[in-house]
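Each chain is listed here by its residues.
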Amino acid sequence: QVQLIESGGGLVQAGDSLRLSCAASERTFSRYIMGWFRQAPGKEREFVAGLRWNDDFTYYADSVKGRFTISRDNAKNTVYLQINSLKPEDSAVYYCAAAGAPVYTTMIQTARAYNFWGQGTQVTVSS
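Keep in mind the model is a prediction, meaning the values are calculated, not measured.

J.: Looking at this model, I keep getting lost on the overall build of the chain. Mind explaining?
T.: Broken down by element type, the chain carries zero helices and eleven strands. For 127 residues, the compact-globule estimate of 2.2 N^0.38 gives 14 Å, and the chain sits close to it at 14 Å. Its C-alpha atoms give the chain principal-axis dimensions of about 40 × 25 × 25 Å. Looking at the chain residue by residue over its 127 residues, the buried ones come to 43%.

Following this line, the structure appears as structure tokens:
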């Protein structure tokens, strides 16, 4: 079964940038949608960014639009989340997810649409 492994998190200052990586253990598995979610203590997991695999269509949560960029590197079998202008409220565990079966694109921001999940990487932003 495919595994997703996130990396790139850490402790940073407000205004800094980070690039999170999500590497797949199996390079040949089907990916219809890739997504990033985050969860802060005491809060529900929320959608951050998504990518439609066939044409690189991207979609972002309003709270991160303009600061976050999701991208892919097929040669490295990796999906990235570039985070700029970090704010303390961005602090959370960030999770990579993949939908291995066809789903409606409108479900891109819904956690239930994804059936593969990484273990998460911690991002902490200090002011």
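That was the structure; now back to the text.
J.: Honestly, the packing of aromatic side chains in this entry has me stumped. Any pointers?
T.: Centre-to-centre distance and the angle between the planes together describe a pair of aromatic rings. Here the structure, examined in full by the defined rule, presents five aromatic pairs. Taken together, a centroid distance of 6.1 Å and an interplanar angle of 65° make the contact between Tyr 114 and Trp 117 edge-to-face. With relative accessibility at 26%, the residue Trp 117 sits in the partly exposed group. The lysine or arginine in question, Arg 45, covers the ring of Tyr 95, its NZ or CZ lying 3.8 Å from the ring centre. If you follow Arg 72 out to its NZ or CZ, it ends over the ring of Trp 53, 3.8 Å from the centre.

J.: I keep staring at the sheet that holds strand S7 (residues 68–73) and nothing clicks. Help me out?
T.: Strands pair in a sheet through their backbones, by hydrogen bonds, and they do so in one of two ways: parallel or antiparallel. What the four strands build is an open sheet, ordered S1-S3-S8-S7; its pairing is antiparallel. The two strands at the open ends of the sheet, each matched to only one other strand, are strand S1 (4–7) and S7. Direction aside, neighbouring strands of the sheet carry axes that sit 20° apart on average. Here S1 runs beside strand S3 (residues 18–24); their pairing, made up of four bridges, is antiparallel. Looking across to S3, one finds that Ile 5 is bridged to Ala 23.

J.: Even after reading the chapter, I still don't get the environment of Lys 65, so can you show me in this structure?
T.: Among the structural elements, Lys 65 can be located in the loop between strand S6 (57–60) and S7. Sequence separation of Lys 65 and Ala 49 is 16 residues, and the distance between their C-alpha atoms is 8.7 Å.

J.: How do you make sense of the nonpolar core when you look at a structure like this?
T.: A general trend in soluble globular proteins is that nonpolar side chains are found buried together. Grouped together as the largest cluster of nonpolar side chains are 39 residues, with contacts concentrated most on Trp 36, Leu 81, Tyr 94 and Tyr 114. Only S3, strand S4 (33–39), strand S5 (46–52), S7, strand S8 (78–83), strand S9 (92–99) and strand S11 (121–126) provide two or more residues apiece to this core. Broken down by element, this core gets its largest block of residues, six residues, from S9. Discounting residues that sit within four places of it in the chain, Tyr 114 has contacts with Ile 33, Met 34, Gly 35, Phe 37, Phe 47, Ala 97, Ala 98, Ala 99, Met 107 and Ile 108.

Cut-offs applied
- Residues numbered from 1 in each chain as written.
- Predicted model: local features only at pLDDT ≥ 70, side-chain atom pairs only at ≥ 80, totals over all residues.
- Heavy atoms only, no water.
- Helix = DSSP H or I, 4+ residues; strand = E, 2+ residues; numbered from the N terminus.
- Rg over C-alpha atoms; globule rule 2.2 N^0.38 Å.
- Buried < 20%, exposed > 50% of the residue type's maximum accessible area, 1.4 Å probe, protein only.
- Phe/Tyr/Trp six-rings, centres within 6.5 Å; stacked < 30°, edge-to-face > 60°.
- Lys NZ or Arg CZ within 6 Å of the ring centre and 35° of its normal.
- Pairing = 2+ DSSP bridges.
- Axes fitted to C-alpha atoms, helices over the stretch in contact; angles between N-to-C directions.
- Core = buried A, V, L, I, M, F, W, Y, C linked by side-chain atoms within 4.5 Å.
- Contact = heavy atoms within 4.5 Å.

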